[in-house]
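Structure assessment
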Amino acid sequence: MRALVISGGGSKGAYAGGVAQYLIEEDERDYDLFLGTSTGSLLVPHLAAGRIDKLHEVYTSVSQNDIFSVNPFVIRKKGRREFVSIDFINTLWQFIRMKRTFGESKALRRLIRRKFTEEEYHLIKQTKDDVVITVSNLSKNRVEYKSINVCTYDEFCDWIWISCNYIPFMSLATKNGHEYGDGGLGCIVPIREAILRGAKEVDAIVLKSASLDQTKVLGQNPFSLMVSLFGHLLDRMERNDVTIGKLAAKTNDVQLNLYYTPSKLTENSLIFDKKLMTSWWQQGFDYAKFKCEEARSNELREEY
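Basis of the calculations
- Residues numbered from 1 in each chain as written.
- Predicted model: local features only at pLDDT ≥ 70, side-chain atom pairs only at ≥ 80, totals over all residues.
- Heavy atoms only, no water.
- Axes fitted to C-alpha atoms, helices over the stretch in contact; angles between N-to-C directions.
- Helix = DSSP H or I, 4+ residues; strand = E, 2+ residues; numbered from the N terminus.
- Left-handed = near helix turned anticlockwise from the far one by under 90°.
- Contact = heavy atoms within 4.5 Å.
- Nonpolar A, V, L, I, M, F, W, Y, C, P; charged D, E, K, R; others polar.
- Buried < 20%, exposed > 50% of the residue type's maximum accessible area, 1.4 Å probe, protein only.
- Pairing = 2+ DSSP bridges.
- Right-handed = clockwise from strand over helix to strand, strands pointing away.
- Salt bridge = Lys/Arg side-chain N within 4 Å of Asp/Glu carboxyl O.
- Arc of directions from axis to C-beta.
- Core = buried A, V, L, I, M, F, W, Y, C linked by side-chain atoms within 4.5 Å.
- Patch = residues over 30% accessible without salt bridge, like charges linked within 9 Å, V, L, I, M, F, W, Y side chains within 5 Å.
- Areas by Shrake-Rupley, 256 points an atom, 1.4 Å probe, with all protein chains shown as cover.
- Lys, Arg positive; Asp, Glu negative; His and termini not counted.
- Charge placed at Lys NZ, Arg CZ, Asp CG, Glu CD.
- Disulfide = S-S within 2.5 Å.

1. Quick word on the packing of helix α2 (residues 39-48) against helix α8 (residues 153-163)
Any two packed helices are characterised by the angle at which their axes cross and by the distance between the axes. Running from N to C, α2 and α8 cross one another at 145 degrees; their axes reach a closest spacing of 7 Å. Where α2 crosses over α8, the two elements pack in a sense that is left-handed. Along its contact with α2, which presents Ser41, Leu42 and Pro45, the element α8 presents Phe156, Ile160 and Ser163. Residue composition of the contact of α2 with α8, by class: four nonpolar, two polar and no charged.

2. Looking at the pairing of strand β1 (residues 2-6)
Of all five residues that make up β1, four are buried, and the element is covered over most of its length. The pairing of β1 with strand β9 (residues 201-209) spans five bridges and is parallel. Each residue of the ladder has a partner; that of arginine 2, found in β9, is glutamate 201. In this structure, β1 lies alongside strand β2 (residues 33-37), joined through four bridges in parallel fashion. By the bridge assignment, isoleucine 6 is partnered in β2 with glycine 36. Read from β1 through helix α1 (residues 13-26) to β2, the crossover connection turns out right-handed.

3. Concerning the pattern of salt bridges
Scanning all chains against the criterion turns up 17 salt bridges. Measuring nitrogen to oxygen at the nearest pair gives 3.1 Å for the salt bridge that ties aspartate 30 to lysine 128. Placement of aspartate 30 in the loop between α1 and β2 and of lysine 128 in the loop between α7 (118-127) and β5 (130-137) is noted, with a sequence separation of 98 residues between them. With relative accessibility at 51%, the residue aspartate 30 sits in the exposed group. Its salt-bridge partner being arginine 113, residue aspartate 154 comes within 2.9 Å of it at the nearest N-O pair. Taken together, the residues aspartate 154 in helix α8 and arginine 113 in helix α6 (residues 106-115) connect sequence positions 41 residues apart. Overall, aspartate 154 belongs to the partly exposed group, its relative accessible area being 41%. In this structure arginine 113 comes out as partly exposed when scored by relative accessible area, which is 32%. Look at the salt bridges and you will find they share partners, linking Arg109, Arg113, Asp154, Asp158 and Lys175 into a network.

4. Concerning α7
Every buried residue belonging to α7 is among Glu120, Tyr121 and Ile124, and all of these are buried. In a view along the axis of α7, the buried residues occupy a sector of 105 degrees, so they form one face of it. In this structure, α7 carries Glu119 and Gln126 as exposed residues pointing more than 90 degrees from its buried face. Contact partners of the buried residues in α7: α2, α3 (52-59), α6, β5 and α8.

5. Some words on the nonpolar core
Membership of the largest hydrophobic core comes to 86 residues, with the highest contact counts inside it found for Leu47, Leu108, Val202 and Ile205. In contact with leucine 108, not counting residues within four places along its chain, are Leu42, Asp66, Ile67, Trp161, Cys164 and Met170.

6. Quick word on a negative patch on the surface
A cluster of acidic residues, Glu25, Glu26, Glu28 and Asp53, forms a negative patch on the protein surface. Relative to the assigned elements, glutamate 25 resides in helix α1.

7. Regarding the pairing of β2
β2 sits mainly inside the fold: five of its five residues count as buried. Along β2, one buried face is formed by Leu33, Leu35 and Thr37 and the opposite face, lined by Phe34 and Gly36, is buried too. With five bridges joining them, β2 and β5 adopt parallel strand pairing. In the sheet register, glycine 36 faces β5, and the bridge partner there is isoleucine 133.

8. Some points on unusual backbone geometry
The omega torsion across isoleucine 167 and proline 168 is 5 degrees, close enough to zero to call that bond cis. When you line up the elements, proline 168 lands in the loop between α8 and β7 (173-175). The backbone of methionine 98 sits at a positive phi, close to 60 degrees, despite the residue not being glycine. Along the polypeptide, methionine 98 turns up in the loop between α5 (88-96) and α6.

9. Describing the side chain of asparagine 165
With respect to the helices and strands, the residue asparagine 165 is situated in the loop between α8 and β7. In contact with asparagine 165, not counting residues within four places along its chain, are Ser105, Met170, Ser171, Ala173, Gly181 and Asp182.

10. Re the state of the cysteines
For the structure on display, the rule yields zero disulfides. No disulfide involves cysteine 164; its nearest neighbouring cysteine sulfur is the one of cysteine 157, lying 12 Å away. By relative accessible area, cysteine 164 is classed as buried at 7%. The thiol of cysteine 187 is unpaired, and the distance to the nearest cysteine sulfur, on cysteine 164, comes to 15 Å.

Nothing here speaks to function; it is geometry throughout.
Below, the structure written as structure tokens:
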């Protein structure tokens with residue numbers, strides 16, 4: 001069984017889309033199992049359904065308004081770098097309404113239902129072994145994996161949305177009597193889960209650079225500093241998930257192929273910029289092409 005795993009990474013999901021497009025369309029890899037966390041959960045249903053063109057259109061046209069019904073951010077640029085500060089009016093409005101998060105992502109929930117259709121849901125169930133979404137059960141302090149095979153269409157759309165809710169900047173969701181948030185708060189790269197579900201070859205797209213090639217700029221106010229600190233913690237978790245995945249692959253004799261971003265794409269993955277995301281998609285496609293051609297060249301050298 002071959003599995004495709006896509007990590008969390010917000011707007012950097014456009015890069016993963018480019019990598020996946022090359023692997024599926026050009027390298028002709030046929031995946032049986034798809035697992036995604038956060039932005040990965042948005043990608044894997046469309047990839048499983050073979051709707052790459054539609055996925056490309058979504059990821060290269062989406063804006064902040066398509067994600068946030070209440071946007072807690074103000075984006076400022078300094079040179080080529082982007083910085084985040086708090087939108088005081090929206091945040092104050094959230095406090096007045098006695099909400100527990102700085103922003104709301106109900107617009108994303110509507111977008112998911114518009115773009116992922118019930119027809120595609122049934123197509124996946126008929127043609128693929130499984131599509132699995134990672135969510136964090138904050139009430140039970142545990143990670144949960146939601147399979148398309150045991151969910152109705154409405155339930156599956158809800159889990160996709162919940163997996164993307166980066167608390168406390170996006171919506172805190174309540175489902176089945178429990179409160180849930182972003183799957184990345186528990187497992188950013190679910191490689192081990194793919195192996196536990198029977199995968200013998202895993203392609204994992206990890207939406208971070210293998211090494212930090214520039215100095216990270218910390219926030220200049222408490223709000224933006226919080227964003228930076230969350231990013232630091234998630235980076236450490238991501239490294240741990242990859243390490244655990246490598247150990248599981250070695251123990252179970254699984255072929256694991258890792259696809260990182262060749263450089264740090266953005267300071268804040270909650271910034272959805274159409275121009276940048278179009279560029280990242282192409283970068284991902286080109287990087288996957290380079291890596292696959294390099295692997296084939298190495299195999300030929302070994303034969304001779």
